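Structural description and commentary
For reference, the chains in residue letters:
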Amino acid sequence: MTTDFPLSRTTHPTPGAERAAILADPGFGRYFTDHMATATWTPASGWHDHKIGPLEPFSMHPSTAVLHYAQEIFEGMKAYRHADGSVWLFRPDANARRFARSAARLALPQLPEEDFLTSVAELVRADEVWVPTPTDEESLYLRPFMFASEAFLGVRPAARATYCVIASPAGPYFPSGVTGVTLWISSEYTRAAKGGTGTAKCGGNYAASLAAQIEAQEHGCDQVMYLDSAGENTLEESGTMNVCLITADGRLVTPALGTILEGVTRDTVLSLAADFGLTPEERSISLGELRSGAADGSITEVFAAGTAAVITPMVGFKGEGYAFTVGDGTPGKHTMALRDHVLDIQYGRAEDKHGWMRRVL
Ligand code: COI
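Residues numbered from 1 in each chain as written. Predicted model: local features only at pLDDT ≥ 70, side-chain atom pairs only at ≥ 80, totals over all residues. Heavy atoms only, no water.

A word on the domain arrangement of the chain
The domains assigned to the chain are domain 1 (16-170) and domain 2 (181-346). On a C-alpha basis, the centres of domain 1 and domain 2 stand 27 Å from each other. In this assembly, domain 1 packs against domain 2 so that about 1800 Å² is buried in total across both faces, 55% of it on carbon and sulfur atoms. Here Asp267 makes a salt bridge to Arg91, at a shortest N to O gap of 2.8 Å. Linking domain 1 with domain 2 are 14 residue pairs in polar contact (both at pLDDT 80 or more), by the criterion used here. (Domains from an automatic or database assignment. Buried area = accessible area lost by both parts, 1.4 Å probe. Salt bridge = Lys/Arg side-chain N within 4 Å of Asp/Glu carboxyl O. Polar contact = N/O pair within 3.5 Å; in protein donor to acceptor, adjacent residues only side chain to side chain.)

Written out as structure tokens, the structure is:
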């Protein structure tokens, strides 16, 4: 059964001129729209109090569980404005399913997938004026999340959870995006172990990535590339994105699922590979294979896949005592063709053969 998220509009919307200035240069994650969706869960009442209301701060008791034990999950998705003015989501059902899997792993209550989809669509409708008309890669980034909102210090699943969706007009995640990013291969930090939370989209995974991110920046890199935690020297993923390789003999290879995030963009490129004459392969990739393949030309391209990053070329790698580039250090042709095609589907410029787009306005 679907629940409505009734709208009560803010009486203090952002003035039009201020909004226009933000939309002209949104950056990533800096500005927020006028409304938010919320719902509350308790064992006695289940999910209740679904609504879209003015964007406002949460008021929390200092003992609120999430502040202590990080019982929290989130999603990242985007609303795209097409040339005819209509507004669409890309594979929101995949985000809804992943949100449910993350909730199970973090012992948070299950939000019905239909409620996830309704809340996101209704928030976009409420804040339609915030959906950018793209000149490049602009969209309305949507951030559904859920956290333990019970005020209690015992370590057990919280008996109160808050679900919320906020929205933020966004440009490219990496200012250097299309020219390519460089990666620090950390031998100090890992991201996830078998049985851990690697496949869940939970805040704790990202908190734990920040020290490694500092290490990457200290080495002049944009992001971290994690290796597995069992010491097998296999590639896992980058701080905010999955990794894919293109080989000279026409394969698109990405690490198999297990401890990595089940990325929607990762799944999208695997589904599209054959249209580009590439054979998709999900398997383990060793660091040695990446290094020797980049050196002898059998790996021709490497790219990152993620909602925020879309498809971003990975052009250079550094680790303790070594550095190498992929190809000539510029974005590869398959990477750019896949990137253009994914963006063309998302912005309605290419046929949506897989039925991935869902219209909201
Ligand atoms: C996304 O791609 O939406 C992500 O979740 C990455 C984010 C942490 C910036």
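Let's talk about the site of the ligand
In the vicinity of the ligand, the contacting residues are Phe74, Gly76, Tyr141, Arg143, Tyr173, Lys201, Tyr206, Thr240, Thr307 and Ala308. Ala308 places a polar main-chain atom, nitrogen or oxygen, 2.8 Å from an oxygen atom of the ligand. Within the complex, the protein chains bury 91% of what would otherwise be the 280 Å² of accessible surface of the ligand. Class assignment for the residues of the shell around the ligand results in five nonpolar, three polar and two charged. When residues of the shell around the ligand are assigned to domains, at least three map to each of domain 1 (16-170) and domain 2 (181-346). (Near = heavy atom within 4 Å. Areas by Shrake-Rupley, 256 points an atom, 1.4 Å probe, with all protein chains shown as cover. Nonpolar A, V, L, I, M, F, W, Y, C, P; charged D, E, K, R; others polar.)

Regarding helix H3 (residues 92-105)
Look at H3: 20 Å from first C-alpha to last across 14 residues, which is about the 20 Å you get at 1.5 Å a residue. Along H3, the residues classified as buried are Pro92, Ala94, Asn95, Ala96, Arg98, Phe99, Ala100, Ser102 and Ala103. Count one or two residues on from H3 and you reach Ala107, which has phi positive near 55°. (Helix = DSSP H or I, 4+ residues; strand = E, 2+ residues; numbered from the N terminus. Expected span 1.5 Å × (residues − 1). Buried < 20%, exposed > 50% of the residue type's maximum accessible area, 1.4 Å probe, protein only.)

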